[in-house]
Amino acid sequence: MGDHGLSLLGALADALDRRLGWRERRARAIADLSRPVPPHVGWAYTLGSTALALLVLQIATGIALALHYQPTPEAAHASVAHIQDRVRLGWLVRSAHAWGAHFLVALLLAHAARVFLTGGHKKPRELTWVLGAKLLFITLALAFTGQLLPWSELSYWGAVVGLEQVRITPAVGPAAGDLLAGGPGVGPATLTRFYVLHILLLPALAAALLAAHLALVRRLGIAPLASTAEEDAQGHDALCAGGDPYVPHHILKEAAVAIVAAAALVTAAALWPPELGARAGRTTPPGIRPEWYFLAVYQYLKYWPSTIFGVPGEKFAVCLLIAATTAFAALPFLDRSPERRPARRKLALAVAGCFLFAWTALTLLGSLSENELSLFGHHWRFDTYGRPK
Amino acid sequence: MPEPFTNRRDFLNLALGAWAAAAAGGVAGVLGASALPVHEPPQTVKVQKSDLKDGIALAELGGSPVAVLVTPAGPVAFSLSCTHARCTVRWDPAARGFACPCHGGKFDAEGRVLAGPPPAPLRRLDLKDAGDAWEITG
Amino acid sequence: MKRLLLLAALASTASAENRCVDCHEPQQKLLADSAHLVFGCADCHNGREEAEDMDAAHSPAADFVGRPAPSDLARMCASCHEKETKAFELSPHAAATRRGDPGGATCISCHTLAATPTAHAIADCGDEGAPSGRFQVAATCARCHSDAEAMKRSGLRIDQFAQYRASAHGYNVLEEKEGDAATCADCHSPHEAPSARDPRSETHPRNQAHLCGACHGDVKLMTEHGKDPGVVAKWQASAHARNLDLGAPSCAGCHGAHYSHVPEPAAIRESCGRCHEGPARELAAGPHGPAVHTDPATLASAPVHCAHCHDAHGGAKPLPPYGATACAACHAADSHEIAEGNAMSDLSAALHTDLVALHQKLEEARRRGHDLPSCRETLSALDARTHDFASLVHGVSPAKCAAEREAVGKESKALMGRLSEFTPGERRLWWVPVMWVFVFLGVGLLFLKARKLKSPQGR
């Protein structure tokens, strides 16, 4: 039976090979994936693929949630409550999906930082960086659109405030806001639009960009820790001499990190499931603040005066923000020195350090603003600008 | 042809494969469990006695059509889903029976199959008299 | 300063020759004896003082006014008494005059000497014999406020003076000439005299504690009169003070306003029972209904009433266990009444514990996104029954209380069961460590695989 079965399977494989030529393709793919990575590549180079693994998990939990979720303002909140309490392990699936957003954003930020530190964005891998930056923005958009779907107080008012920030963008803002919201406020049309964006358009876009991103990574290889001039002169393969092959050596490290990250995600999801909160109503509850990855922007917008030369100050703020995100996406074209070794890129690292410091400080101020903190027996309350009262 | 698992490397590959299969199975198990439908506890609906028309009062219980039929032996509650393919059967006051519009199934006033493909009588539901209304549970 | 200058100017005119006295000597005498001695006749009546001819003196061309209109009086007084007239203009008295009520009080209604009721003998409340003086003012107010005809025009009652005269305040002021006791103007600010319905008024229920507290919270004064100065503070800390908006009584609610008195022990049950209807009903129906309590000190007997267990001003429930805190006041320490009181106290506490837990559970479910109208309804019914249980305790029937506690407890338990479906307690998390063991097993396998790859045979 076994032999017969195996030979039947073999015959099927042969038949398919004659039609698809998969054996040769597989051999070529394995040969390609087995090319060595540069010798310095280690644990820090596992973040991108870990994010990929969690993205797959996110898609799986997302599909499981979509089986029960109903995208109308009347039913949305009740359907999520149903998932929380009646669906078998529904609370765990929903919690893992919510925590997945946090993990994914954190991993992508860390991945971008690692690439920047080791000069991976430089010639000839500019396009890889641009695609990666777009993937980060899409992830943030997925997080923002997904947050509205439970139609709870916090999610609803988060979307209201977020859409207003879109609307104040000069020129395209009002139109973009209307297109996203499907009306003047956040209503049934907004929910269906966010739903379509969250489960259809953004994932499809992300899949396409991700495919291009990964194809470029395979085509160009991991950047060696050498200047672009050296890479041009000696060739990528020569600089990878002495490195481990990607498959199977490096991929084992990636698998180990991905497994631990996934387990950490499930643990967080099990121990701290997010509360659903009350269904959205007419009144805004106190304590509306964005998720941690938007806190810096939220806080940054507060410091602008309401008008500058008769123009709403937020317009300037948003323009500056758009300029900054564009600069982030176009980083390879701004940071043009040929050097990749961090020690020889003091200026670029100093500038990046300043940005990181500002971002961290704004995030901290944002989390403290209109909040309370007990530390060392003292109790502080903070005003909207994050100053102690 | 795969070699027999004689050395340690092959054992390691097997163990890793088994581990991966178990992990994937665990994730699939959780997601699959969540995909299963939730069994709702029995629900109750009140049918006003004043809703009676031609000796029958229609209502909806948990999204399915139900009815209270007044027979000489007293009121009886039925699920109106045909036991063949779940189409909703209709009460025919002239014939004093239920008829299914899909495949010609016929039931009498007791819910017994008279004709057609239905394999079982109409499902009876618990009925409680509550003054000017009946409470159907099922 | 302005006033002094004015007085100086007036003094100079007064010395000029005044021919009014030729005919109006009595009036001039009254004026000269009053605080207004510096004024000349023309200061209020215009006309020409120095004219010998009566017609010239009374000439309309010189704006002569015989009797100033009531509406003009306040304006005339205001040139010196600005603050008082401003307050007066806000008063119901001034409003009555503006409405055209001929009886509306004006300045001179109160500020002339009682014995000489004409406008010229002006006097203020500091004047012992003045109508606004401490011991006369009640009678002065009563002149109008006890006059049915006059009060009919404003729709006011006329029994305040009669009530006041019967009260402890009134007796002390009117009969004993006791300066410490309150009189009309002590409570009703005399010039503005606002209605008690006016929230700005001192006599409004919101402000009564402050008003009465001025004397009844004064330790020295109350000690002198042998009264407890703590009552106002006790009331301010009470549930009554917190629930004024719901109609809870402040001082006058129990003690009366004009007939202010210590409620008769026999009337207390009825008085509290007007709002606390359930407890009063149960108390009357229970063994304490006909029971009479004799004060061992005064030997005065009265039905058992609310203040025997509840502090009269604080109003709070006796602390549990009731047997020890409330019943022990009359019943012997080893009596079965004490034990029964304690038992009822325990039942009540158990009911409240259940109720608090149910509210927390419902709130938890709400936070988790479950709006449960039927559970909310059941819980408010249980709220009401627990509230009624407090009434039941007043009937001091331990058997009835125990039966009710059991019935409510059963329903609480059923509701708790239903709510628990929506608020899963501790998640079963035993699998989390198991998962980590499994994860480390996988990572270990990967590590072994990597080592194998690095080893010479692996390559």
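The rules behind each value
Residues numbered from 1 in each chain as written. Chains lettered and ligands numbered in written order. Predicted model: local features only at pLDDT ≥ 70, side-chain atom pairs only at ≥ 80, totals over all residues. Heavy atoms only, no water. Helix = DSSP H or I, 4+ residues; strand = E, 2+ residues; numbered from the N terminus. Buried < 20%, exposed > 50% of the residue type's maximum accessible area, 1.4 Å probe, protein only. Contact = heavy atoms within 4.5 Å. Areas by Shrake-Rupley, 256 points an atom, 1.4 Å probe, with all protein chains shown as cover. Rg over C-alpha atoms; globule rule 2.2 N^0.38 Å. Lys, Arg positive; Asp, Glu negative; His and termini not counted. Charge placed at Lys NZ, Arg CZ, Asp CG, Glu CD. Phe/Tyr/Trp six-rings, centres within 6.5 Å; stacked < 30°, edge-to-face > 60°. Lys NZ or Arg CZ within 6 Å of the ring centre and 35° of its normal. Pairing = 2+ DSSP bridges. Axes fitted to C-alpha atoms, helices over the stretch in contact; angles between N-to-C directions. Disulfide = S-S within 2.5 Å. Buried area = accessible area lost by both parts, 1.4 Å probe. Salt bridge = Lys/Arg side-chain N within 4 Å of Asp/Glu carboxyl O. Polar contact = N/O pair within 3.5 Å; in protein donor to acceptor, adjacent residues only side chain to side chain. Nonpolar A, V, L, I, M, F, W, Y, C, P; charged D, E, K, R; others polar. Domains from an automatic or database assignment.

1. A closer look at the overall build of chain A
Phase 1: Summing up its helical and strand segments, chain A has 16 helices and four strands in all.
Phase 2: Expressed along its principal axes, the backbone C-alpha trace of chain A runs to roughly 70 × 60 × 50 Å.
Phase 3: Expressed as a percentage of the 389 residues in chain A, the buried residues total 42%.
Phase 4: When contacts within chain A are restricted to residue pairs at least 6 apart in sequence, those whose partners lie at least 24 apart make up 74%.
Phase 5: Here chain A has roughly 20000 Å² of accessible surface; of this, 71% comes from carbon and sulfur atoms.

2. Some words on the overall build of chain B
Phase 1: Per the secondary structure count, chain B includes one helix and ten strands.
Phase 2: Secondary structure of chain B in N-to-C order comes out as α-β-β-β-β-β-β-β-β-β-β.
Phase 3: Relative to the 2.2 N^0.38 estimate, which gives 14 Å for 138 residues, the radius of gyration of chain B is 26 Å and therefore markedly larger than a compact globule would have.
Phase 4: Looking at the 138 residues of chain B, the share that counts as buried comes to 32%.
Phase 5: Counting only contacts in chain B whose residues sit at least 6 apart along the sequence, the fraction spanning at least 24 positions is 40%.
Phase 6: Within chain B, one finds 13 positive and 13 negative side-chain charges whose respective centroids are separated by 2 Å.

3. Examining helix α13 (residues 292-302) of chain A
Phase 1: Among all positions of α13(A), only A:Tyr293, A:Leu295, A:Ala296, A:Gln299, A:Tyr300, A:Leu301 and A:Lys302 are buried.
Phase 2: The inward-facing, buried residues of α13(A) abut α5 (90-117), α6 (126-148), α7 (153-167), α14 (313-329) and α16 (346-368) of chain A.

4. Some words on the packing of aromatic side chains
Phase 1: Within this structure, the stated rule accounts for 16 aromatic pairs over all chains.
Phase 2: Considering the side-chain rings of C:Trp436 and C:Phe440, the 5.8 Å spacing of their centres and the 40° angle between planes classify their relative orientation as tilted. Separated by four residues within a single helix, C:Trp436 and C:Phe440 lie in helix α25 (residues 431-454), roughly one turn from each other.
Phase 3: Put simply, the rings of A:Trp99, A:Phe103 and A:Trp272 touch in pairs and so form one group of aromatic residues.
Phase 4: Just above the ring of A:Tyr246 sits the side chain of A:Arg218; from NZ or CZ to the centre is 5.0 Å.
Phase 5: Here A:Lys253 stacks its cationic end above the ring of A:Trp43, 5.7 Å away from the centre of that ring.

5. Some points on the sheet that holds strand β10 (residues 133-137) of chain B
Residues and elements named next belong to chain B.
Phase 1: Taken in spatial order, the six strands make up an open sheet running β1-β10-β9-β4-β3-β2, and their pairing is antiparallel. With partners counted over all chains shown, the strands left at the sheet margins are β1 (44-48) and β2 (56-61), one partner each. On average, adjacent strands in this sheet sit at an angle of 30° to one another, irrespective of strand direction.
Phase 2: By the bridge criterion, five bridges tie β1 to β10 in an arrangement that is antiparallel. Across the sheet, the residue bridging to Thr 44 is Thr 137, located in β10.

6. Considering the state of the cysteines
Phase 1: Following the criterion strictly, the structure yields one disulfide over all chains and no others.
Phase 2: Covalent S-S linkage joins B:Cys87 and B:Cys102, the inter-sulfur distance amounting to 2.0 Å. With the S-S dihedral at roughly -95°, the linkage between B:Cys87 and B:Cys102 falls on the left-handed side. With B:Cys87 in the loop between β4 (74-79) and β5 (90-92) and B:Cys102 in the loop between β6 (97-99) and β7 (106-108), the pair connects residues that are 15 residues apart, well separated along the chain.
Phase 3: Summary of cysteine pairing: C:Cys144 is not part of a disulfide, and the nearest cysteine sulfur, belonging to C:Cys110, is at 8.0 Å.

7. Concerning the interface of chain C and chain A
Phase 1: Across the boundary between the two partners, chain C contributes 21 residues, which contact 24 residues of chain A.
Phase 2: Both sides together, the interface formed by chain C and chain A hides about 2000 Å², and carbon and sulfur atoms give 67% of it.
Phase 3: In this assembly, chain C and chain A are joined by one salt bridge.
Phase 4: Residue C:Lys454 pairs with A:Asp244 through a salt bridge whose shortest N-O separation is 2.9 Å.

8. Let's talk about the interface of chain B and chain C
Phase 1: Contact with chain B, which involves nine residues of that partner, is made by eleven residues of chain C.
Phase 2: When the two sides are added together, the surface that chain B and chain C hide from each other amounts to roughly 980 Å², 73% of it contributed by carbon and sulfur.
Phase 3: The interface formed by chain B and chain C includes zero salt bridges.
Phase 4: At the boundary of chain B with chain C, the tally comes to two residue pairs in polar contact (both at pLDDT 80 or more).
Phase 5: Each residue belonging to the side of chain B that touches chain C can be placed in one class, and the counts come to six nonpolar, one polar and two charged.

9. Overview of the side chain of B:Ser34
Phase 1: Inspection of the secondary structure puts B:Ser34 in helix α1 (residues 8-35).
Phase 2: We classify B:Ser34 as buried; its relative accessible area is 2%.
Phase 3: Not counting residues within four places of it along the chain, the set of residues in contact with B:Ser34 comprises A:Ala64, A:His68, A:Val87, A:Arg88 and A:Val93.

10. A short note on the domain arrangement of chain B
Phase 1: For chain B, the assigned domains read domain 1 (1-36) and domain 2 (44-137).
Phase 2: Placing a centre on the C-alpha atoms of domain 1 of chain B and another on those of domain 2 of chain B gives a separation of 52 Å.

11. Points about the pairing of strand β3 (residues 64-71) of chain B
Residue and element names in this part refer to chain B.
Phase 1: Inspection of the sheet shows β2 paired to β3 by six bridges, in the antiparallel sense. Counted as the bridge partner of Ala 57 is Val 68 from β3.
Phase 2: Hairpin remark: β2 followed by β3, antiparallel, with two residues in the connecting loop; positive phi at Gly 62, about 60°.
Phase 3: Pairing between β3 and β4: six bridges, direction antiparallel. By the bridge assignment for β4, Val 68 is matched with Ala 77.
Phase 4: Here β3 hands over to β4 after two residues, the two strands then running antiparallel side by side.

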